[in-house]
Amino acid sequence: MRARERPRAGGWGWRAAAALGPRGACPPAMEDELSFSDIYGGRLALQRRHYSPSCREFCLSCPRLSLRSLTAVTCSVWLAAYGLFTLCENSMILSAAIFITLIGLLGYLHFVKIDQETLLIIDSLGIQMTSTYASGKESTTFIEMGKVKDVIINEAIYMQKVIYYLCILLNDPMEPNGISQVVPVFQSAKPRLDCLIEVYRSCQEILAHGKATSTSP
Amino acid sequence: MVLKAFFPTCCASADSGLLVGRWVPEQNSAVVLAVVHFPFIPIQVKELLAQVQQASGVGVAVLGTWCHRRQEPEESLGHFLEGLGAIFSHEPWLQLCRERGSKFWSCKATHRQVPTSPSAPGEDQVMLIFYDQRKVLLSQLHPPTALPDHQAGDATASTRGLAAVFDTVARSEALFRSDRFDEGLVRLSHWQSEGVEASILVELAKQASGPVCLLMAYLLSLISAASTCRVFKLWPLSFICSKLSTCEQLRHRLEQLTFIFSTQKAENASQLMRKANMLVSVLLDVALGLTLLSWLHGKDRIGQLADALVPVADWVAEELQHLLQWLMGAPAGLKMNRALDQVLGRFFLYHIHLWISYIHLMSPFIERILWHMGLSACLGLTVALSILSDIIALLTFHIYCFYVYGARLYCLKICGLSSLWRLFRGKKWNVLRQRVDSCSYDLDQLFIGTLLFTILVFLLPTTALYYLVFTLLRLLVVTVQGLIHLLVDLVNSLPLYALGLRLCRPYRLSAGVKFQVLEHEAGRPLRLLMQINPLPYNRVVHTYRLPSCGCHPKHSWGSLCRKLFFGELIYPWRQRGDKQD
């Protein structure tokens with residue numbers, strides 16, 4: 001038995017894979033994948049996992065490193081090196097160019113290119129953001145629920161565009177109504193508003209659920 | 001609210017028993033520290049918990065029951081476990097159960113009191129969070145939370161959030177002292193129940209550190225007493241010592257060694273890290289210095305260096321002479337004032353001649369001096385580099401002198417020009433009011449003033465050119481010295497022990513935690529794995545940097561340019577403790 005999902009307006013298509021628990025009254029642990037686009041038009045895939053009413057995970061996969069841009073950069077570096085070589089007649093330049101290209105590529109994959117960004121929200125514990133780089137390195141930040149004031153969608157001027165981004169507002173311990181920090185989420189994937197609305201709705205459900213159960217002893 | 005149960009991974013395979021730990025009511029979480037196995041006498045368990053509470057100040061209590069069903073389900077055990085809830089009353093009572101061969105656990109938390117929420121009468125949802133007890137015990141959170149109270153009783157007000165879990169585990173060492181092989185009355189299961197961990201080397205080092213510290217402290221006190229004797233306070237020696245960077249570096253190292261070998265124990269973790277960082281830095285320094293020493297003394301390199309030194313000094317002097325000849329002619333096509341040019345040029349040429357004679361006088365002794373200075377590398381690479389920087393300063397002393405002469409002359413000229421320019425416009429500097437006021441001059445005052453102003457203006461290009469050339473040379477020398485100082489600073493202040501710890505034992509320095517959701521089945525409680533998120537390297541260096549000599553440039557770029565324009569002397573490497581100019 002497969003669970004069906006209505007196609008979302010703004011998304012390109014959908015593909016659902018749901019795992020059901022034992023038949024009966026238990027809610028299923030759901031996982032589904034949707035396609036969205038980022039602010040430049042590249043294709044993003046949002047994977048949602050619903051572990052329990054108080055725990056959800058959103059995984060956004062960025063477009064991979066394109067072969068075209070890699071070839072273009074490598075060719076331009078090697079052409080420049082060859083040009084210098086014809087001027088200087090020193091073969092060290094060529095080996096240096098190869099070395100620089102390799103080190104540059106490894107450094108780019110390990111420090112710059114983010115493959116996946118994950119947001120894990122656990123009611124009464126906190127919100128965790130993980131960035132996975134192309135070389136496999138993971139960098140995680142965890143914010144405790146006591147510090148989280150709210151999750152909102154904000155507008156910003158980015159270069160020549162106005163974009164929307166999802167961010168977490170942190171409490172100010174000094175001032176009860178103040179905000180000490182704004183932490184943006186999905187900074188390198190930069191999805192568009194339709195994707196952000198999906199994530200925003202789920203986060204607000206969990207935060208509301210958390211507030212409702214915390215008020216009752 | 002969901003009840004969070006922090007369960008140590010080492011107890012996941014333990015036999016059935018009682019759960020012992022601390023309940024944190026503000027976060028609705030139960031931190032399980034150990035499991036007490038059957039058979040036990042409840043009175044003895046209560047006594048043990050009271051002892052631990054007395055020793056550590058953590059409110060340890062029996063939180064619930066743990067059931068690990070290895071064989072066929074035993075009904076009697078189930079009833080027995082429920083009956084225990086009556087003996088050890090705790091609100092809420094936790095019941096964790098693990099089936100044989102199943103990854104999923106069942107958890108229940110029951111409240112005795114009448115519940116007020118209509119949804120779950122007497123029961124809470126439970127979330128299981130597994131944590132590695134040993135890593136959480138040894139880890140240190142950055143930024144450190146407020147200091148916990150060491151009085152008896154819970155100190156919950158100061159630690160918030162997950163720091164409370166770290167704090168609880170770290171302070172419950174008294175509970176982890178008994179292991180499986182002890183002849184105690186109560187059998188506990190925790191991370192050290194297979195035997196208390198210890199390392200022979202660490203124990204030996206601890207035993208040896210006492211007498212070694214005493215001996216080193218005594219020697220160091222002798223050395224510092226010798227260095228503060230009256231001879232060094234007399235004028236020539238104290239002046240020279242304050243200018244040489246070698247003395248500064250030696251003093252810095254002496255201070256560090258005194259701190260390391262002081263007989264007082266380190267008060268808190270950050271002091272201990274500082275001591276460890278300093279010790280590793282000193283050891284590395286000495287090791288690098290000995291390497292340099294062995295390299296220098298092999299293959300007669302000192303002789304080669306000494307042979308090369310005098311020709312290099314000669315070459316520098318010759319190049320300076322060429323430069324001055326060029327300035328005395330028509331440098332870059334500019335037309336200089338002939339008379340002033342000749343005077344300044346001859347003055348500087350005579351200086352160079354004096355300097356060369358001095359170098360030639362010293363040349364027989366150079367090799368001996370270098371050999372003895374090379375020996376100083378055994379005190380450390382930083383000392384050797386400081387000596388190199390001082391040698392460069394001494395060898396380029398004539399450039400420094402030229403710079404001072406040129407700068408003073410130029411400064412005088414600029415002062416005169418600005419004052420006469422004011423006279424030209426009919427104004428005057430009011431010293432009392434510290435401002436420019438208008439003033440009516442006599443005719444002869446105006447006449448002489450204008451004459452002097454004209455002379456100074458026409459002599460300005462010559463002086464300015466000499467000043468520019470010698471300032472550039474001086475800045476070159478200062479840059480080279482600055483690079484050496486930067487290297488010395490790096491070796492002095494890099495926290496190598498902290499970096500090594502971050503590389504080999506990343507859980508010791510933690511910036512926070514991270515969670516991973518384990519395999520989940522619908523209807524079962526959510527299981528999470530809590531791991532330590534290690535501190536990134538740049539924050540390690542930033543937090544644990546050692547204080548360096550403090551020889552940093554005090555000027556910003558703007559003030560530096562201003563000083564250069566007005567001809568004020570620059571002292572870029574002010575030593576710590578000197579008066580500001």
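Residues numbered from 1 in each chain as written. Chains lettered and ligands numbered in written order. Predicted model: local features only at pLDDT ≥ 70, side-chain atom pairs only at ≥ 80, totals over all residues. Heavy atoms only, no water.

(A) Here's a closer look at the pattern of salt bridges. Residue and element names in this part refer to chain A. Under the counting rule described, the total for this entry stands at 11 salt bridges over all chains. Across the pair Glu 31 and Arg 49 runs a salt bridge, and its minimum N-O distance is 3.5 Å. Taken together, the residues span a long stretch of sequence, with Glu 31 in strand S2 (residues 30-37) and Arg 49 in strand S3 (residues 43-52) at a distance of 18 residues. Taking the relative accessible area as the measure of exposure, Glu 31 reaches 33% and is therefore partly exposed. (Salt bridge = Lys/Arg side-chain N within 4 Å of Asp/Glu carboxyl O. Helix = DSSP H or I, 4+ residues; strand = E, 2+ residues; numbered from the N terminus. Buried < 20%, exposed > 50% of the residue type's maximum accessible area, 1.4 Å probe, protein only.)

(B) Representation of the pairing of S3(A) in the model. Residues and elements named next belong to chain A. Of all 10 residues in S3, seven are buried; the element is thus mostly enclosed. Sheet topology places S2 next to S3; eight bridges connect them, and they run antiparallel. In the strand pairing of S3, Ser 35 is matched with Ala 45. Count of turn residues in the S2/S3 antiparallel hairpin: five residues, of which Gly 41 carries a positive phi of about 100°. Here S3 runs beside strand S4 (residues 55-61); their pairing, made up of seven bridges, is antiparallel. Bridged to Gln 47 within S4 is Cys 59. (Pairing = 2+ DSSP bridges.)

(C) Just the UniProt feature "transmembrane region" (unreviewed entry) in chain B, in detail. Residues and elements named next belong to chain B. Residues given the UniProt feature "transmembrane region" (unreviewed entry) here are residues 278-296, 343-361, 373-396, 445-469 and 475-499. End-to-end, the C-alpha atoms of residues 343-361 are 27 Å apart, and along that stretch the chain is 100% helix and 0% strand. The straight-line gap between the two end C-alpha atoms of residues 475-499 is 35 Å; of that span, 92% is helix and 0% is strand. (UniProt positions renumbered as here; feature names shortened; annotations may be inferred.)

(D) Spotlight on helix H4 (residues 163-171) of chain B. When you tally the buried positions in H4(B), you get eight out of nine residues, the bulk of the element. Among all positions in H4(B), only B:Ala163, B:Ala164, B:Val165, B:Phe166, B:Asp167, B:Thr168, B:Val169 and B:Arg171 are buried.

(E) Spatial organisation of the packing of aromatic side chains. All names here are of chain B. A full pass over the atoms with the stated rule returns 24 aromatic pairs over all chains. Ring geometry for Phe 7 against Trp 105: centres 5.2 Å apart, planes inclined by 90°, an arrangement best described as edge-to-face. Separated by 98 residues along the polypeptide, Phe 7 in strand S1 (residues 3-8) and Trp 105 in strand S6 (residues 105-110) bring together distant segments of the chain. Seen in terms of ring centroids, Phe 347 and Tyr 405 are 5.3 Å apart; in terms of plane orientation they differ by 50°. Their pairing is tilted. Residue Phe 347 is found in helix H10 (residues 338-362), and its partner Tyr 405 is found in helix H13 (residues 397-424); the two are separated by 58 residues along the sequence. The exposure class of Phe 347 is partly exposed, given its relative accessible area of 39%. By relative accessible area, Tyr 405 is classed as partly exposed at 31%. What links up through ring pairs into an aromatic cluster is the set Phe 347, Phe 348, Phe 402, Tyr 405, Tyr 466 and Phe 470. Residue placement shows Arg 274 over the ring face of Phe 259; its charged tip is 5.3 Å from the ring centre. The lysine or arginine in question, Arg 368, covers the ring of Trp 371, its NZ or CZ lying 5.7 Å from the ring centre. (Phe/Tyr/Trp six-rings, centres within 6.5 Å; stacked < 30°, edge-to-face > 60°. Lys NZ or Arg CZ within 6 Å of the ring centre and 35° of its normal.)

(F) Inspection of the environment of B:Gly64 at higher detail. Residue and element names in this part refer to chain B. Within the element layout of this structure, Gly 64 appears in strand S4 (residues 61-68). The class of Gly 64 is buried, set by a relative accessible area of 0%. On a C-alpha basis, the gap between Gly 64 and Leu 288 in space is 58 Å, while along the polypeptide they are 224 residues apart. Those residues within four positions of Gly 64 in sequence are excluded, and the remaining contacts are Leu 18, Leu 19, Trp 93 and Leu 94. (Contact = heavy atoms within 4.5 Å.)

(G) The arrangement of the pairing of strand S9 (residues 161-171) of chain A in detail. All names here are of chain A. Where strand S8 (residues 148-158) meets S9, 10 bridges bridge the pair, whose relative direction is antiparallel. Each residue of the ladder has a partner; that of Tyr 158, found in S9, is Lys 161. The antiparallel hairpin formed by S8 and S9 contains two residues in its connecting segment, where Met 159 sits at a positive phi of about 55°. Where S9 meets strand S10 (residues 179-184), five bridges bridge the pair, whose relative direction is antiparallel. The partner of Leu 170 across the bridge, within S10, is Gln 181.

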